[in-house]
Amino acid sequence: KFSDSTFYDARADAIDIDISDVEIENCSFINSGNDAIDSMTSKVIVTNTNINKAGDKGISAGESSQVSINNLTFNNTEIAVQSKDDSSVHINNSKFLNNKIQLDAYQKNWRYGNGGKIKVIDSMFKGKINQINAKNNSEIIVINSSFNNKFSHLETKKIRFDGNYLNNW
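Reading the values: the criteria
Residues numbered from 1 in each chain as written. Predicted model: local features only at pLDDT ≥ 70, side-chain atom pairs only at ≥ 80, totals over all residues. Heavy atoms only, no water. Helix = DSSP H or I, 4+ residues; strand = E, 2+ residues; numbered from the N terminus. Rg over C-alpha atoms; globule rule 2.2 N^0.38 Å. Contact = heavy atoms within 4.5 Å. Lys, Arg positive; Asp, Glu negative; His and termini not counted. Charge placed at Lys NZ, Arg CZ, Asp CG, Glu CD. Core = buried A, V, L, I, M, F, W, Y, C linked by side-chain atoms within 4.5 Å. Buried < 20%, exposed > 50% of the residue type's maximum accessible area, 1.4 Å probe, protein only. Phe/Tyr/Trp six-rings, centres within 6.5 Å; stacked < 30°, edge-to-face > 60°. Salt bridge = Lys/Arg side-chain N within 4 Å of Asp/Glu carboxyl O.

Asker: Hey, could you run me through the overall build of the protein in this one?
Answerer: The secondary structure content of the protein amounts to zero helices and 20 strands. Computed over its C-alpha atoms, the radius of gyration of the protein comes to 15 Å, within 12% of the 15 Å expected for a compact globule of 169 residues. Across its three principal directions, the C-alpha atoms of the protein cover 40 × 35 × 20 Å. Across the protein, contacts joining residues at least 24 apart in sequence account for 29% of those joining residues at least 6 apart. Once the 19 positive and 20 negative side-chain charges of the protein are each reduced to a mean point, those two points are 7 Å apart.

Asker: What's the story with unusual backbone geometry in this structure? I'm lost.
Answerer: Peptide bonds are, in most cases, trans, and in most cases residues other than glycine have a negative phi. Even without glycine at this site, N31 takes up a positive phi of about 60°. Tracing the backbone through its elements, the reader meets N31 in the loop between β5 (28-30) and β6 (37-40).

Asker: Even after reading the chapter, I still don't get the nonpolar core, so can you show me in this structure?
Answerer: Nonpolar side chains tend to gather and get buried jointly when the protein is soluble and globular. One finds V81 and L103 to be the most contacted residues of the largest nonpolar core, which totals 38 residues. With four residues, the top contributor of residues to this core is strand β9 (residues 66-75). Look past the residues within four positions of V81 in its chain and what remains in contact with it is I59, I69, F74, V89, I91, F96, Q102, L103, D104 and I118.

Asker: Mind showing me how you'd approach the side chain of S145 here?
Answerer: Tracing the sequence through the fold places S145 in the loop between β17 (139-143) and β18 (146-147). What makes S145 buried here is its relative accessible area of 0%.

Asker: How do you make sense of the packing of aromatic side chains when you look at a structure like this?
Answerer: For any two aromatic rings, the description comes down to two numbers: the centre-to-centre distance and the angle of the planes. Counted under the stated rule, the structure contains eight aromatic pairs. Ring plane angle 65° and centroid distance 5.2 Å describe the contact between F151 and F161, whose orientation is recorded as edge-to-face. With F151 in the loop between β18 and β19 (159-162) and F161 in strand β19, the pair connects residues that are ten residues apart, well separated along the chain. Each member of the pair F151 and F161 is classed as buried. By way of ring pairs, the aromatic residues F74, F96, F125, F147, F151 and F161 are connected into one cluster.

Asker: Quick question: what am I supposed to make of the pattern of salt bridges here?
Answerer: Close approach of charged atoms allows side chains of opposite charge to pair. Evaluated as defined, the whole model comprises five salt bridges. Note that D56 and K57 form a salt bridge whose closest N and O atoms lie 2.6 Å from each other. Residue E78 is joined to K100 by a salt bridge in which the shortest nitrogen-to-oxygen separation is 3.5 Å. Of this pair, E78 sits in the loop between β9 and β10 (79-84) while K100 sits in the loop between β12 (95-97) and β13 (101-106), and the two are 22 residues apart along the sequence. Overall, K100 belongs to the exposed group, its relative accessible area being 55%. Three or more residues are tied together by salt bridges with common partners; here these are D35, D56 and K57.

What follows is the structure, given as structure tokens:
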């Protein structure tokens, strides 16, 4: 368990979680060289945390990880959240601010059978284009969340929206 901690200027991943159960609460990740939080075959719960300027991903879930996120702010990362290889990420009440890619899900390794899954509820997206990607047996669902600009053009068979709305901040 990590709580009330700040991680500054990590040269690579700030926290690399492999085959573990981890809780992260009330933490800040600032200027991580690679991922702020990277999980592999793990169960991770992250609450009340800020991720600012991750060089690659704010949170990376891979190899059948289960990640639960509540009340996070992702700011100025390359990719805020990425899920791959039968991993599942559930996000509630979070802010996605000025990330190059807000959400990304895909299948990297065929041995896991599926790609990644991301479900976002009651969150806020603010960015130039709010890029959201899902490919190769993956799916993203965004529910009851606000966007600062158009988002309906992002909807595909793999990316679904329900009850979302525009909010000009």
